[in-house]
Amino acid sequence: MPGLTIDLTIYDDEEALLAGLRRREPDACACLIKRFAPLVYAQALRLLGDADEAEGALQQTFIKACDKLDTYEGRSGLGSWLYRIATNEALMLLRQRSPRVAIDHVADTIQADEIPQHLTPWTLDPAAAALNSELRATLEQALMTLPETLRIVFVLRDLQGLSTEETAAMLGLGESAVKVRLHRARLRLRELLSTYMQEH
Amino acid sequence: MTCEEVIAHLSSYLDHEMDAALAAEMQEHIAQCRNCRVVLDTTQRLIVLLHDEGRHIIPMGERSALFDRLQQAFLNRPPASDSNTTV
């Protein structure tokens, strides 16, 4: 069995990779995992907030991808396709964890503790900043302190880049609820990160 | 427009999901209100910052056993009906 120390350039485009996967070439399989598993894991972890559950979602994602590979048409790109499967897996786990409550019930207005308190400008220019590991850890930590209901919407909209409509459909929510939750998540994150941003 | 109204509509403004008349009112308030200007600017920076972070992986550490399981799942999947492969 080939390990993961393979030459990734042998499948340098998705078409070649997909053809290799459909021929069940072990190196193609290793390449797919090496290229996409860390991204899928990151997505699952951000949604679930639990490393073990994220690992389970990652495994299920690749098993489901196996099952669907022969019918995959390649319109959305392998990464987007895997992301979508992973998101559905993670959402299913969240619903199992707290049936119908966590995702569906949340106040759809700004809460008192979300009114901006930090009113000092940030000096960091995000477009120019090379994010260091400390800032990355701070960002991820702040994300994990968000209530699940807000974090899920934030991850799908602002991190994964889904539209309001796509996010609403995926979560079974109205678009206005998605907008309010995204707004609340942004305000909370801004507060959480303001102290760090003012000190660096 | 009050500061509270500006804060309530901030994301709609940043996402360009606001009608022009309301956006003009926002701009008028923000031009005169330093605090709302700071909140708008920092929220905008946050969105850019975290959008970039979304493309960053989280180190998985020592998870070679997981990689092996994933690989086995792929390789052991049942053959496709139209497949000519032998693996």
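Residues numbered from 1 in each chain as written. Chains lettered and ligands numbered in written order. Predicted model: local features only at pLDDT ≥ 70, side-chain atom pairs only at ≥ 80, totals over all residues. Heavy atoms only, no water.

1. Things to note about the overall build of chain B
- Looking only at helices and strands, chain B features five helices and zero strands.
- Counting from the amino terminus, helix and strand elements in chain B follow one another as α-α-α-α-α.
- Out of the 87 residues belonging to chain B, those deemed buried represent 40%.
- Long-range pairs, those at least 24 residues apart, make up 49% of the contacts in chain B with a sequence separation of at least 6. (Helix = DSSP H or I, 4+ residues; strand = E, 2+ residues; numbered from the N terminus. Buried < 20%, exposed > 50% of the residue type's maximum accessible area, 1.4 Å probe, protein only. Contact = heavy atoms within 4.5 Å.)

2. Structural notes on helix H6 (residues 148-159) of chain A
- The element H6(A) is largely enclosed, with a buried count of 12 among its 12 residues.
- For H6(A), the complete set of buried residues consists of Glu148(A), Thr149(A), Leu150(A), Arg151(A), Ile152(A), Val153(A), Phe154(A), Val155(A), Leu156(A), Arg157(A), Asp158(A) and Leu159(A).
- Among the structural elements, helix H2 (26-48), helix H4 (78-97), helix H5 (133-145), helix H7 (164-171) and helix H8 (175-199) of chain A together with helix H4 (34-53) of chain B are those in contact with the buried residues of H6(A).
- Just downstream of H6(A) lies Gly161(A), where phi reads positive at about 80°.

3. Observations regarding empty space enclosed by the protein
- Under the defined criterion, the tally for this structure stands at one cavity of 30 Å³ or more.
- Of the volumes computed, that of the largest cavity is approximately 30 Å³.
- Sorting the residues of the lining of the largest cavity by element identifies H8 of chain A together with helix H2 (10-14) of chain B as the ones contributing at least two each.
- Classifying every residue of the lining of the largest cavity gives one nonpolar, three polar and four charged. (1 Å grid on protein atoms, 1.4 Å probe; cavity = no way out; pocket = protein on both sides within 12 Å on 5 of 7 lines; lining within 4 Å. Points joined across faces, edges and corners; volume = space filled by probe spheres on them. Nonpolar A, V, L, I, M, F, W, Y, C, P; charged D, E, K, R; others polar.)

4. Re the environment of Leu146(A)
All names here are of chain A.
- Locating Leu 146 in the fold gives a position in the loop between H5 and H6.
- The spacing of Leu 146 and Arg 186 is 40 residues in sequence and 9.8 Å in space, taken between C-alpha atoms.
- Among residues more than four places away in sequence, those in contact with Leu 146 are Arg 151, Ala 185, Arg 188 and Leu 189.

5. Observations regarding the nonpolar core
- Counting residues in each nonpolar core, the largest one holds 65 residues, and the members touching the most others are Leu17(A) and Phe62(A).
- Broken down by element, this core gets its largest block of residues, 13 residues, from H2(A).
- Residues within four places of Leu17(A) in sequence aside, it is in contact with Tyr11(A), Ala28(A), Cys31(A), Leu32(A), Arg35(A), Phe36(A) and Leu78(A).
- Ranked by size, the runner-up nonpolar core spans 15 residues in total, among them Val6(B), Met18(B), Cys33(B) and Leu40(B). (Core = buried A, V, L, I, M, F, W, Y, C linked by side-chain atoms within 4.5 Å.)

6. Section: the state of the cysteines
- Applying the stated rule across the entire model yields zero disulfides over all chains.
- Its sulfur unpaired, Cys31(A) is 9.7 Å from the next cysteine sulfur, which belongs to Cys29(A).
- Cys36(B) takes part in no disulfide bond, and the closest cysteine sulfur to it belongs to Cys33(B), at a distance of 3.7 Å.
- On the accessibility criterion, Cys36(B) (2% relative accessible area) is buried. (Disulfide = S-S within 2.5 Å.)

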